[in-house]
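Observations on the three-dimensional arrangement
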Amino acid sequence: MIAEKPLLAVLGGATLKRPPVWFMRQAGRYLPEYRSIRAQAGSFLNLCYNPELAAEVTLQPIERFHFDAAILFADILLVPHALGQDLSFVENEGPRLTPIANVGDLSRLRNGLDQDRVGRVYETVKLVRERLPADVALIGFCGAPWTVATYMVSGGKDRSAALLWALRDPDGFAKLIDRLVSASVDYLCHQIDAGAEAVQIFDSWAGELSPALFSRWCIEPVKAIMKGVKARHPLVPVIAFPRGAGSKTSILSELGADAIGIDTAEDPVAVRSLLGKTVPLQGNLDPLALIAGGRTLDDAIAHVLSAMSGGPHIFNLGHGIRPDTPIEHVEQAVRRIRGD
Ligand code: CP3
């Protein structure tokens, strides 16, 4: 019998002596081999839409650190891009989109995803899956509708534009969210068809929602995506990452996700007592501890391992790895987590 991949075992509810480990944003600028391919591609979007190069950068951190999971190299903003919204990434600044500022602007979006764009992402998934070591799992992903909407509505990183639309015109805003729910279901199902073995939904700005808005714009859309994905792929696990959920964490049990990613600010012991001991938790090492290194890093890892030890755990960061992270510290972390 082929042994189950450690990441999938934990997503199925197993508690392993040593947790599987991968890091959000593990393919990126802290790696010289990434910077080299990125320069070859010319732009970040060219890299995302070049299956051969995107597959190569997806595999780079696996080759270097032997992580237990590869995450597809792409971006949450490819969904609005494939819905026809202009998108560019400005060096040292971040994404820039032509804002969809009100319900009238929705007519500028296509009905379905542009296959010329997303088809290349599915091709990347296929290439990575073919080349992946047998014990490493492949994670696909999308952004949660709320987080993607914050970028679509402001055209950048100002979250107040989407919040204001949601407050002033909830029915109109729901139309945007519904479009994102169906596009995301389609996008994730195609990633799974191409070879993704688990999917993660990134809700990076969930923490911006007040308790009154959290259910409607974080919980409900993510639940709807999961329902759509499970209808076609009932056995594929879904990891939800509602960053900054904080005091709203107890509501997350309503999500019914197969695993919950928790950010650096959360106390894993408290989250376990709110969500129960059987829900796999993913996280939550401080990305800054990874920069600090040395004893600080060892102690931070020991703390996460012990706080998470009461149930199924996937070791990860509380947020994405930063470009100024020393590679030796990542090596140190992986050794430490594995107890080598
Ligand atoms: O985790 C991985 O290694 C897979 C690839 C991945 C990227 N972005 C690559 C990327 C994933 C899963 C994402 C998710 C993503 N993208 C999120 C959710 C997670 C989070 O970080 O909160 C968000 C909010 C985005 C949107 C986005 N993409 C922003 C705001 C930026 C600019 C900031 C930055 O770090 O440069 C990006 C660009 C981006 N996405 C880069 C990478 C490797 C850097 C691009 C470059 O090479 O210049």
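This text gives an overview of the structure that appears in the document. (Residues numbered from 1 in each chain as written. Predicted model: local features only at pLDDT ≥ 70, side-chain atom pairs only at ≥ 80, totals over all residues. Heavy atoms only, no water.)

Let's shift gears to the environment of Val269. Structurally, Val269 can be placed in helix α11 (residues 268-275). The exposure class assigned to Val269 is partly exposed, which follows from its relative accessible area of 48%. Sequence separation of Val269 and Ala224 is 45 residues, and the distance between their C-alpha atoms is 28 Å. (Helix = DSSP H or I, 4+ residues; strand = E, 2+ residues; numbered from the N terminus. Buried < 20%, exposed > 50% of the residue type's maximum accessible area, 1.4 Å probe, protein only.)

With four bridges joining them, strand β2 (residues 87-90) and strand β3 (residues 94-97) adopt antiparallel strand pairing. Paired with Ser88 across the bridge in β3 is Arg96. Linkage of β2 to β3, two consecutive antiparallel strands, is achieved through a turn of three residues, within which Asn92 is found at a positive phi near 60°. (Pairing = 2+ DSSP bridges.)

Our next topic: the pattern of salt bridges. For side chains of opposite charge, pairing can occur when their charged atoms come near one another. Here the structure, examined in full by the defined rule, presents 14 salt bridges. Where Arg338 meets Asp68, a salt bridge forms, and the shortest distance between an N and an O atom there is 3.0 Å. You can see Arg338 sitting in helix α14 (residues 327-338) and its partner Asp68 sitting in the loop between α4 (51-65) and β1 (69-71), a full 270 residues away along the chain. Arg338 gets classed as partly exposed once you look at its relative accessible area, which sits at 25%. Between Asp299 and Arg295 there is a salt bridge whose closest N-O contact spans 3.5 Å. Taken together, the residues Asp299 and Arg295, both in helix α13 (residues 294-308) and four residues apart, mark about one turn of the helix. A single network of salt bridges, built from pairs that share partners, joins Lys5, Arg129 and Glu197. (Salt bridge = Lys/Arg side-chain N within 4 Å of Asp/Glu carboxyl O.)

Inspection of every chain in the model, using the stated rule, returns 12 aromatic pairs. Measuring from centroid to centroid gives 6.5 Å for Tyr30 and Phe65, while their planes differ by 10°, and the two rings are stacked. With Tyr30 in the loop between α1 (6-11) and α2 (32-41) and Phe65 in helix α4, this pair connects stretches of sequence that are 35 residues apart. With relative accessibility at 4%, the residue Tyr30 sits in the buried group. What makes Phe65 buried here is its relative accessible area of 4%. Ring geometry for Phe141 versus Phe202: centroids 5.5 Å apart, planes at 85°, classification edge-to-face. Of the two residues, Phe141 is situated in strand β4 (residues 137-143) and Phe202 in strand β5 (residues 198-203); the sequence distance between them amounts to 61 residues. When sorted by exposure, Phe141 lands in the same class as Phe202, which is buried. Taken together through their ring pairs, the aromatic side chains of Phe23, Tyr30, Phe65 and Phe67 make up a single cluster. Between Arg159 and the ring centre of Trp205, over which it is positioned, the NZ or CZ distance is 3.5 Å. The ring of Trp205 is capped by Arg243, whose NZ or CZ atom sits 4.8 Å from the centre of that ring. (Phe/Tyr/Trp six-rings, centres within 6.5 Å; stacked < 30°, edge-to-face > 60°. Lys NZ or Arg CZ within 6 Å of the ring centre and 35° of its normal.)

This brings us to the site of the ligand. Close to the ligand lie 22 residues; Arg25, Tyr34, Arg38, Asp75 and Ser204 are nearest. Contact distances for the ligand include 3.2 Å between an oxygen atom and a backbone N or O atom of Gln26. A distance of 2.6 Å is found between an oxygen atom of the ligand and a side-chain nitrogen or oxygen belonging to Ser204. For the ligand, whose free accessible area comes to 880 Å², the fraction covered by protein is 88%. A molecule is said to occupy a pocket when more than half its atoms come within 2 Å of that pocket's grid points, and by this definition the ligand occupies the largest pocket. Residues that form the shell around the ligand fall into these classes: 14 nonpolar, four polar and four charged. (Near = heavy atom within 4 Å. Polar contact = N/O pair within 3.5 Å; in protein donor to acceptor, adjacent residues only side chain to side chain. Areas by Shrake-Rupley, 256 points an atom, 1.4 Å probe, with all protein chains shown as cover. 1 Å grid on protein atoms, 1.4 Å probe; cavity = no way out; pocket = protein on both sides within 12 Å on 5 of 7 lines; lining within 4 Å. Sits in = over half its atoms within 2 Å of the grid points. Nonpolar A, V, L, I, M, F, W, Y, C, P; charged D, E, K, R; others polar.)

Attention now goes to the environment of Thr150. Relative to the helices and strands, Thr150 is located in helix α7 (residues 145-154). Linking Thr150 and Thr98, residues 52 residues apart in sequence, is a C-alpha distance of 12 Å. With residues near it in sequence (within four places) discarded, Thr150 still touches Gly156, Asp158, Arg159, Ala162 and Trp205. (Contact = heavy atoms within 4.5 Å.)

Okay, empty space enclosed by the protein next. According to the stated counting rule, one finds two cavities of 30 Å³ or more in the structure shown. One number sums up the size of the largest cavity: a volume of about 50 Å³. Along the lines of polarity and charge, the residues of the lining of the largest cavity split into six nonpolar, two polar and two charged. Its boundaries defined by the atoms lining it, the second largest cavity holds a volume of some 30 Å³. If you trace the second largest cavity, you find it lined by Ile201, Asp203, Cys218, Ile219, Val222, Ala240, Phe241, Pro242 and Leu255. Among the secondary structure elements, those contributing two or more residues to the lining of the second largest cavity are β5, α10 (211-232) and β6 (238-242). Per-class residue counts for the lining of the second largest cavity are eight nonpolar, no polar and one charged. (Points joined across faces, edges and corners; volume = space filled by probe spheres on them.)

This part covers the sheet that holds strand β8 (residues 281-285). Spatially, the seven strands line up as an open sheet ordered β1-β4-β5-β6-β7-β8-β9, and their pairing is parallel. Pairing within the sheet leaves two strands with one partner each, and these edge strands are β1 and β9 (313-317). The mean inter-strand angle of the sheet, taken between neighbouring strand axes irrespective of direction, is 25°. Where helix α9 (residues 170-194) meets the sheet, its contacts fall on β4 and β5, and the angle it forms with β4 comes to roughly 165°. (Axes fitted to C-alpha atoms, helices over the stretch in contact; angles between N-to-C directions.)

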